[in-house]
Amino acid sequence: MTTKQYHIDGMTCAACSSAVERVTRKLGGVESSDVNLTTGRMVITYDESKVTPDMISDRVAKAGFAASLMEKEDLTGKAEEEEWQRQEKHQQAARRQVVIAVCFAIPLLYISMGHMLPFTLPLPSMIAMDQNPLNFSLAQLILTVPILICGRKFYVVGIRSLLKGNPNMDSLVAIGTGSAFVYSLVMTLGVPDNHMRAHQLYYESAAVVVTLVMLGKYMETRSKGKTSEAIRKLMELAPDTAILYENGVEREVETAQVGVGQHILIKPGSRIPLDGVLINGNSSVDESMLTGESVPVEKQSGDRVIGGSMNYNGAMEVEVTHVGNDTTLSRIIRMIEDAQGKKAPISKLADQVAGYFVPAVMGIAVVAALLWWLVGGKDLAFVLTIFVAVLVIACPCALGLATPTAIMVGTGVGAGHGILIKSGEALEICHKVDAVILDKTGTITEGRPKVTDVSVISSAVVEQVWKLESALVPGTVPASAPADTTKAAPPSDAEKKEHLLFLAASCEQMSEHPLGQAIVRAARDKQMDLVMPEAFESVTGAGIITAWKGWKVAVGNRRLVEHLNVPVSEETGNQAAEFAGMGKTPMYIVIDGRLAGLICVADTIKETSVAAVEKIKSLGVQVHMVTGDNEKTARYIGKLAHVDHVVAEVLPEDKADVVNRLQKEGKTVMMVGDGINDAPALVQADVGCAIGNGSDIALESGDVVLMKSDLMDVYRAIKLSKATIRNIRQNLFWAFFYNTLGIPVAAGLLYLMGGPLLSPMLGGFAMSLSSVCVVGNALRLKNLKL
């Protein structure tokens, strides 16, 4: 078995990608075939002894598309960039065509529909219908032709797909608007002989439908481009250059030139270019973009480092273990592309029935015309009227508007509430969600460390420092205290804690470590005037040692305490362990060799998280929490947030696997996250929901973006989806109701019973009325209360 990638040209909608998958899967020896409509790629796995590339290309060509095998050089970053540039040019061209179509459609509507209003719109006598019907007809023809030229792709693709046996929405548009245009053209040619034929023109029907569909396609193309941007930004995470370290000599080279087993030097404040193992040095490394860990990971000799992560404060010598496509970052990029390719396309109901609707309408039109000709003995004009009337009344104007109008209104309502929905597919599938996966860091929690507890261990030590006038904490001494602070009353417990925080924050001012900065933020939130230390030393992986007001003050983890040989009582050790079990990181404060207290830092849960989880569960949806954090922290946060299931200590590929496992159980999964590490799972999920304050990668990979970073918006998004889908179903009912009622009448049923013959003009009016009903119903969504 071998797996290859093909570039597919000519696809315009989910029906197209489904057709390519269907025809290729029928080849004997093909194990799987997945088409990515966004990138225009097909990933196919097949037996080389039974299937050849030519067989695949021929089968795709017979379906009406073109397939070309992509070699390894086509899958490089340079090739990706060239493809993005090509797509950008295509999008700009599509925008120009939409603008041109709109500019011609507006005056066309004015001329063609102005006389049908209760009040008459003024027209120059030269093109007025009652004064110069031929010019009136020619003016509409002249305005319609440029619009159809701009939308010629619908006719090329639609008719080709129809002839290949794979009709889609383009086929509906091509048949409906083409029939209206051809009929109008025939009527225009007959205007000199019969001025009344100027009343039987449907140019505006053809032109406006084409314009609206072009606008929808343009908006769809813009949404597709966002996924490519996500992959591009992921590629930009890895540095272009690395510092090669050989025989004590540093040499900057391109990252692509570094091989497995070579040593590279990672300086403080720089990104790690490749995966490897730490040989010399130690540092704190921010891996949150890859693992979801909210706290930087301390790295020592023998530890693994991941390319793309950020080195904080220590120089490291690293032996490279993975390069090129084998790095963790490259695997994440590959997973996103694979997930996009394997995600089942969400076909609109209109697309699903297109394969039956178009042939059925064509068949009815032909059969009705032949019956009237052969059995009824009618002339060609009568037969042509029957044929065109059936096609005009079946024009998919309402059918084409049913879904996009509801989606446009629904997404507009969502945007008003800070819920940005990137595509109609996401809005459609949200209503079926029965499992929601929440990332912990930045989604359920605030996403940055915060001081949660201050505990005084040795009151005597803290009081001794407090009593010295030179070390008084501004604002912590009561106003009634005597000037001689040595005679002041002992500080209260609250004052001791504030002084301990003041002392630690003053010393941490020179530290760049996130935990130290969290302590500084807590002190500044209390408006403390911090005092800089006289001397500062950073102990990598342990903490800091400072000289402050004549005291030796150290702040750090248990490793620092052991390094300083400071004894820790069993009671204090148990207290620190208890804090750690609650997902908190205890920081020890040592003053002149004596343990003074503990300050705990943790990523705290958001205020709205618990209520939001309960609301989501009220919809009958299971809530899962998946995170890269340790088991104890995850279990504790999961219990606080009332989630149903917790999965901890997972890597990015594991998150996508959790999504995949739930999907295999038959669940429709929504993934909610904010980090780069969530991107593969966001794309793998049926709906990816990105938190607004998250990384750009998560925002680009998500189908839904919550701008307010409020989990309650997950509940609102699902509620909005349910209302919109209900509205779409109503719209489709009205669209089909008019067609079902009108087609038999257009075929001459009433005429056969002695009634009138439906003229194409009345058929066009019925078609327009169905569109008005559809749009009016969609506008009701604006009153939806979320």
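Residues numbered from 1 in each chain as written. Predicted model: local features only at pLDDT ≥ 70, side-chain atom pairs only at ≥ 80, totals over all residues. Heavy atoms only, no water.

## Quick word on the overall build of the protein
Part 1 of the argument: Across its full length, the protein holds 27 helices and 26 strands.
Part 2 of the argument: In the protein, which comprises 786 residues, the share counted as buried stands at 52%.
Part 3 of the argument: For the protein, long-range pairs separated by at least 24 residues make up 68% of all intrachain contacts whose partners lie at least 6 apart in sequence.
Part 4 of the argument: Counting every atom, the protein has about 34,700 Å² of accessible surface; 56% of that belongs to carbon and sulfur. (Helix = DSSP H or I, 4+ residues; strand = E, 2+ residues; numbered from the N terminus. Buried < 20%, exposed > 50% of the residue type's maximum accessible area, 1.4 Å probe, protein only. Contact = heavy atoms within 4.5 Å. Areas by Shrake-Rupley, 256 points an atom, 1.4 Å probe, with all protein chains shown as cover.)

## Focus: the sheet that holds strand β6 (residues 249-254)
Part 1 of the argument: Spatially, the six strands line up as an open sheet ordered β6-β5-β7-β13-β8-β11, and their pairing is antiparallel. A single partner strand is all that each edge strand has here, and the edge strands are β6 and β11 (304-305).
Part 2 of the argument: Across two bridges, the pairing between strand β5 (residues 241-246) and strand β7 (residues 263-266) is antiparallel. Considered in β7, the bridge of Ile243 is made with Leu265. (Pairing = 2+ DSSP bridges.)

## Regarding the confidence of the model for the protein
Any residue range with low pLDDT should be treated as having predicted coordinates unsuitable for detailed reading.
Part 1 of the argument: In this model, the protein carries a mean pLDDT of 79, and residues with pLDDT of at least 70 account for 80%.
Part 2 of the argument: Mean pLDDT across the elements of the protein bottoms out in helix α24 (residues 696-701) (56) and peaks in strand β22 (residues 622-626) (93).
Part 3 of the argument: Counting interchain partners and residues more than four positions distant, the pLDDT-below-50 stretch residues 339-348 has 31 contacts.
Part 4 of the argument: A low-confidence stretch, residues 469-487 stays under pLDDT 50, and its non-local contacts, those more than four residues away or across chains, total 21 contacts. (pLDDT = per-residue confidence, 0-100.)

## Thoughts on the packing of aromatic side chains
Part 1 of the argument: As enumerated under the stated definition, the model contains three aromatic pairs in all.
Part 2 of the argument: Between Phe502 and Trp548, the ring centres sit 5.9 Å apart and the planes meet at 75°, which makes this aromatic pair edge-to-face. Placement of the pair is Phe502 in helix α16 (residues 493-508) and Trp548 in strand β18 (residues 543-548), with a sequence separation of 46 residues.
Part 3 of the argument: What makes Phe502 buried here is its relative accessible area of 1%. (Phe/Tyr/Trp six-rings, centres within 6.5 Å; stacked < 30°, edge-to-face > 60°.)

## Re the sheet that holds strand β25 (residues 687-691)
The strands making up a sheet associate through hydrogen bonds between their backbones, and the pairing can be parallel or antiparallel.
Part 1 of the argument: Taken together, seven strands build an open sheet; the order of strands is β14-β26-β25-β24-β15-β22-β23 and the sheet is mixed. Only two strands of the sheet have a single partner each, and these edge strands are β14 (419-421) and β23 (645-647). Across this sheet, the average inter-strand angle for adjacent strands is 20°, counted without regard to direction.
Part 2 of the argument: In this structure, strand β24 (residues 669-673) lies alongside β25, joined through four bridges in parallel fashion. Paired with Met671 across the bridge in β25 is Gly688. (Axes fitted to C-alpha atoms, helices over the stretch in contact; angles between N-to-C directions.)

## Remarks on the UniProt feature "transmembrane region" (unreviewed entry) in the protein
Part 1 of the argument: UniProt records the feature "transmembrane region" (unreviewed entry) for residues 98-117, 137-159, 171-189, 201-219, 353-374, 380-402, 732-752 and 758-779 in the present numbering.
Part 2 of the argument: As annotated, residues 137-159 has a helix share of 96% and a strand share of 0%, and its two end C-alpha atoms lie 27 Å apart.
Part 3 of the argument: The span residues 732-752 is 90% helix and 0% strand, and its two end C-alpha atoms sit 29 Å from each other. (UniProt positions renumbered as here; feature names shortened; annotations may be inferred.)

## With respect to a nonpolar patch on the surface
Part 1 of the argument: On the surface, Val366, Val367, Leu370, Leu371, Trp373, Leu374 and Val375 cluster together into a nonpolar patch covering about 710 Å² of accessible area.
Part 2 of the argument: If you trace the backbone, Trp373 turns up in helix α10 (residues 349-374).
Part 3 of the argument: Classification of Trp373 by relative accessible area gives exposed; the value is 52%. (Patch = residues over 30% accessible without salt bridge, like charges linked within 9 Å, V, L, I, M, F, W, Y side chains within 5 Å. Salt bridge = Lys/Arg side-chain N within 4 Å of Asp/Glu carboxyl O.)

## Overview of the packing of α16 against helix α17 (residues 514-525)
Part 1 of the argument: Put simply, α16 and α17 touch, their axes get as near as 8 Å, and they point 125° apart. With respect to α17, the axis of α16 lies oblique. With respect to the hand of their crossing, α16 and α17 are arranged in left-handed fashion. Across from Leu501, Ala504, Ala505 and Glu508 in α16, the residues of α17 making contact are Gly516, Gln517, Ile519, Val520, Ala522 and Ala523.
Part 2 of the argument: Of the residues that constitute the contact of α16 with α17, the class distribution is seven nonpolar, two polar and one charged. (Parallel < 35°, antiparallel > 145°, perpendicular 65-115°, else oblique. Left-handed = near helix turned anticlockwise from the far one by under 90°. Nonpolar A, V, L, I, M, F, W, Y, C, P; charged D, E, K, R; others polar.)

## Side note on helix α2 (residues 53-62)
Part 1 of the argument: Along α2, the residues that are buried comprise Ile56, Ser57 and Val60. Seen along its axis, α2 keeps its buried residues to an arc of 95°; they face one direction. More than 90 degrees from the buried face of α2, the exposed residues found are Asp54 and Lys62.
Part 2 of the argument: The positive-phi residue at the C-terminal boundary of α2 is Gly64, with phi of around 105°. (Arc of directions from axis to C-beta.)

## Some remarks on the pairing of strand β3 (residues 41-46)
Part 1 of the argument: With respect to burial, β3 is a largely interior element, five of its six residues being buried.
Part 2 of the argument: When strand β1 (residues 2-9) meets β3, the two strands line up antiparallel, connected through six bridges. Bridge assignment links His7 to a residue of β3, and that residue is Arg41.

## A short note on the pairing of strand β9 (residues 283-286)
Part 1 of the argument: Residues Ser283 and Val285 of β9 are buried on one face, and the alternating residues Ser284 and Asp286, pointing to the opposite face, are buried as well.
Part 2 of the argument: Strand direction decides the pairing type here: β9 and strand β10 (residues 297-299), joined by three bridges, are antiparallel. Within the sheet, the bridge partner assigned to Ser284 lies in β10 and is Glu298.
Part 3 of the argument: Strand direction decides the pairing type here: β9 and strand β12 (residues 310-311), joined by two bridges, are antiparallel. For Asp286, the partnering residue across the bridge sits in β12 and is Met310.

## Focus: the packing of helix α20 (residues 609-618) against helix α25 (residues 712-746)
Part 1 of the argument: Relative to each other, α20 and α25 sit at 25°, their axes nearing to 7 Å. Accordingly, the angle class assigned to the pair α20 and α25 is roughly parallel. Handedness of the crossing formed by α20 with α25: left-handed. For the pair α20 and α25, the contacting residues are Ala611, Ala612, Lys615, Ile616 and Ser618 in the first and Met712, Val714 and Tyr715 in the second.

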